[in-house]
Amino acid sequence: MARPAARSGPGPAPDGGDQPDLPDLAADCAACVALCCIGLALDKGADFAIDKPAGTPCPNLSGHACRIHADLANRGFPGCARYDCEGAGQRSVALHGGASWRDDPDVLSPMLDTFSHLRRIHELLNLLLAAGRLPLEPDHEHERRLLVAALCPQEMTSGLAATLATGPIPGRARAFFRDLRRGMQPLRAATDRPTSSQGPTRRRAPCQSPQAKSRT
Ligand code: SF4
């Protein structure tokens, strides 16, 4: 289910410069090919009715759509209804030329890798944008803007996404959030949830469902 894009830029930097253009940080399932329904593992339990390993299509997929989308919670998949890729899905597809793994199975593995890397990047960007709404000290605001800029290269590629997601920036961002949380209790709620860069790739939370309805 497509949602409005989150494109509001953070405004002028302390040094007078502008922050880079942000990517779309809201999921647009209609522009995706159900990457979360393939790339994420499902653990049978309260959130998911089945076990599914990462990298295999969910048996409820039909084309690029979820055939039980209208009834996810009642069918035992409330975790799918809550999951949100934060825009990583459609961006991964775009970086791979809009390809479909149904038409070209060879594209699936590199596309899933890009999806995983972009999830980390987009999660961090959303947290950094949330931090920007707090009354930060100048040093913190400066570091926040540097991190945003580092995660928003002028031209993203799948290789650059891999470099950014596995390089030093995520660790530096976590150190930034730890530092902030020492003095800013309100940020705790926004940053305490695990990010994909901190744990295994499990579908543990929200998905607005993968089911790119327009691409069945
Ligand atoms: S939303 Fe995706 S992962 Fe969840 S049940 Fe439907 S096809 Fe499977």
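Residues numbered from 1 in each chain as written. Predicted model: local features only at pLDDT ≥ 70, side-chain atom pairs only at ≥ 80, totals over all residues.

S.K.: Provide a residue-level description of the overall build of the protein, including the pertinent values.
M.R.: Secondary structure assignment for the protein yields eight helices and two strands. Taking all 216 residues of the protein together, 38% fall into the buried category. Sequence-distant contacts in the protein: of pairs separated by 6 or more residues, those separated by 24 or more amount to 74%. (Helix = DSSP H or I, 4+ residues; strand = E, 2+ residues; numbered from the N terminus. Buried ≥ 20, exposed ≤ 12 C-beta atoms within 10 Å, placed from the backbone. Contact = placed C-beta atoms within 7 Å.)

S.K.: Talk me through the environment of Lys44; I want residue IDs and the actual numbers.
M.R.: Secondary-structure assignment places Lys44 in the loop between helix 1 (35–39) and strand 1 (61–62). C-beta crowding within 10 Å serves as the criterion here: with 11 such atoms nearby, Lys44 is assigned to the exposed category. Separated by 33 residues in the primary sequence, Lys44 and Phe77 place their C-alpha atoms 9.4 Å from one another.

S.K.: Kindly report on helix 6 (residues 158–166), identifying the contributing residues and their values.
M.R.: Residues of helix 6 that are buried: Ala161, Leu164 and Ala165. Take helix 6 and look down its axis: the buried residues cluster within an arc of 95 degrees, on one side only. Buried-residue contacts for helix 6 involve helix 4 (108–131), helix 5 (138–151) and helix 7 (169–183). (Arc of directions from axis to C-beta.)

S.K.: Explain the environment of Gly39 to me, and be specific about the residues and the numbers.
M.R.: Mapped onto the secondary structure, Gly39 falls in helix 1. Placed 15 residues apart in sequence, Gly39 and Ala54 show a C-alpha to C-alpha distance of 5.0 Å. Those residues in contact with Gly39 that sit more than four places away from it in its chain are Ala54, Gly55, Leu112, Phe115 and Ser116.

S.K.: Break down the nonpolar core for me, citing the residues and quoting the values.
M.R.: Among the nonpolar cores identified, the biggest contains 47 residues, and Leu35, Ile121, Leu125 and Leu128 are the most heavily contacted of them. Elements with a minimum of two residues in this core: helix 1, strand 2 (65–66), helix 3 (88–95), helix 4, helix 5, helix 6 and helix 7. By residue number, the principal contributor to this core is helix 4, which donates 11 residues. Setting aside residues no more than four positions away along its own chain, Leu125 makes contact with Leu22, Leu25, Val148 and Leu151. (Core = buried A, V, L, I, M, F, W, Y, C linked by C-beta atoms within 7 Å.)

S.K.: Explain the packing of helix 3 against helix 4 to me, using residue names and the numbers behind them.
M.R.: At a minimum axis distance of 8 Å, the contact between helix 3 and helix 4 shows a crossing angle of 135 degrees. Relative to helix 4, the element helix 3 lies oblique. Judged by the sense of rotation from one axis to the other, the crossing of helix 3 with helix 4 is right-handed. From helix 3, Ala88, Gly89, Arg91, Ser92, Val93 and Leu95 reach across to helix 4, where they touch Met111, Thr114, Phe115, Leu118, Arg119 and His122. (Axes fitted to C-alpha atoms, helices over the stretch in contact; angles between N-to-C directions. Parallel < 35°, antiparallel > 145°, perpendicular 65-115°, else oblique. Left-handed = near helix turned anticlockwise from the far one by under 90°.)

S.K.: Before we move on, can you summarise the packing of helix 4 against helix 6 with the specific residues and values?
M.R.: Packing of helix 4 against helix 6 brings their axes to within 9 Å, and their N-to-C directions diverge by 50 degrees. Classified by the angle their axes make, helix 4 and helix 6 are oblique. The chirality of how helix 4 crosses helix 6 is left-handed. Contacts between helix 4 and helix 6 involve Pro110, Asp113, Thr114, His117, Leu118, Arg120 and Ile121 from the former and Ser158, Ala161, Ala162, Leu164 and Ala165 from the latter. Partitioning the contact of helix 4 with helix 6 into residue classes produces seven nonpolar, three polar and two charged. (Nonpolar A, V, L, I, M, F, W, Y, C, P; charged D, E, K, R; others polar.)

S.K.: Account for helix 4, with residues named and values stated.
M.R.: Look at helix 4: 34 Å from first C-alpha to last across 24 residues, which is about the 34 Å you get at 1.5 Å a residue. The buried fraction of helix 4 amounts to 18 of the 24 residues, a majority that puts the element mostly inside the structure. (Expected span 1.5 Å × (residues − 1).)

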